[in-house]
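So you can see what is in the structure, the chains are spelled out below.
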Amino acid sequence: MTHVLAVSTVSDHSKFWSGLKKAHAQLPQGAKWKLAIASTDGNRAVNVIAHDTVDGVREFFEAHAGPYAATEYFEADAANAVGLAR
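Below, the structure is looked at part by part. Everything quoted here is computed from the prediction, not taken from an experiment.

## Looking at helix H2 (residues 54-65)
Counting along an α-helix, one turn takes 3.6 residues, and residues three or four places apart therefore face a common direction.
Thought 1: For H2, spanning twelve residues, the distance from its first C-alpha to its last is 16 Å, which sits close to the expected 16 Å at 1.5 Å a residue.
Thought 2: Of all the residues in H2, the buried ones are Val54, Gly56, Val57, Phe60, Phe61, His64 and Ala65. Burial along H2 is one-sided: seen end-on, the buried residues are contained in an arc of 155°. Facing away from the buried side of H2, by more than 90 degrees, are the exposed residues Glu59 and Ala63.
Thought 3: Packing partners of the buried residues in H2 comprise strand S1 (2-10), helix H1 (13-24), strand S2 (32-38), strand S3 (44-51) and strand S4 (69-75).

Rendered as structure tokens:
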């Protein structure tokens, strides 16, 4: 299982978070949403999703929130993370 960071610059706050709420209810089998958090102004968001691959998270995330944010995807360095279950 890979922990994937989805770091977004949000262009439409309402539609972005609405899309993510729908996405959460339709997680692919085996995926786990670990964290969803936004900056106080709502322009930036970080989501951590555990899944098989970065590409799998990208496809899933973009299908639900892609039109409302520019998002970069990274594999987390779980060995050096603080508070992230291994």
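## As for the sheet that holds S1
Thought 1: Strands sit in the order S2-S3-S1-S4 across an open sheet of four strands; the sheet is antiparallel. The sheet is open, and its two edges are formed by S2 and S4, each paired on a single side. The sheet shows a mean angle of 15° between the axes of neighbouring strands, taken without regard to direction.
Thought 2: Strand direction decides the pairing type here: S1 and S4, joined by seven bridges, are antiparallel. When the bridges of S4 are listed, threonine 9 appears paired with alanine 70.
Thought 3: Taken strand by strand, H1 contacts S1, S2, S3 and S4, and its axis lies near 165° from that of S2.
Thought 4: Across the face of the sheet, H2 comes into contact with S1, S2, S3 and S4 while running at roughly 165° to S4.

Calculation criteria
- Residues numbered from 1 in each chain as written.
- Predicted model: local features only at pLDDT ≥ 70, side-chain atom pairs only at ≥ 80, totals over all residues.
- Heavy atoms only, no water.
- Helix = DSSP H or I, 4+ residues; strand = E, 2+ residues; numbered from the N terminus.
- Expected span 1.5 Å × (residues − 1).
- Buried < 20%, exposed > 50% of the residue type's maximum accessible area, 1.4 Å probe, protein only.
- Arc of directions from axis to C-beta.
- Contact = heavy atoms within 4.5 Å.
- Pairing = 2+ DSSP bridges.
- Axes fitted to C-alpha atoms, helices over the stretch in contact; angles between N-to-C directions.

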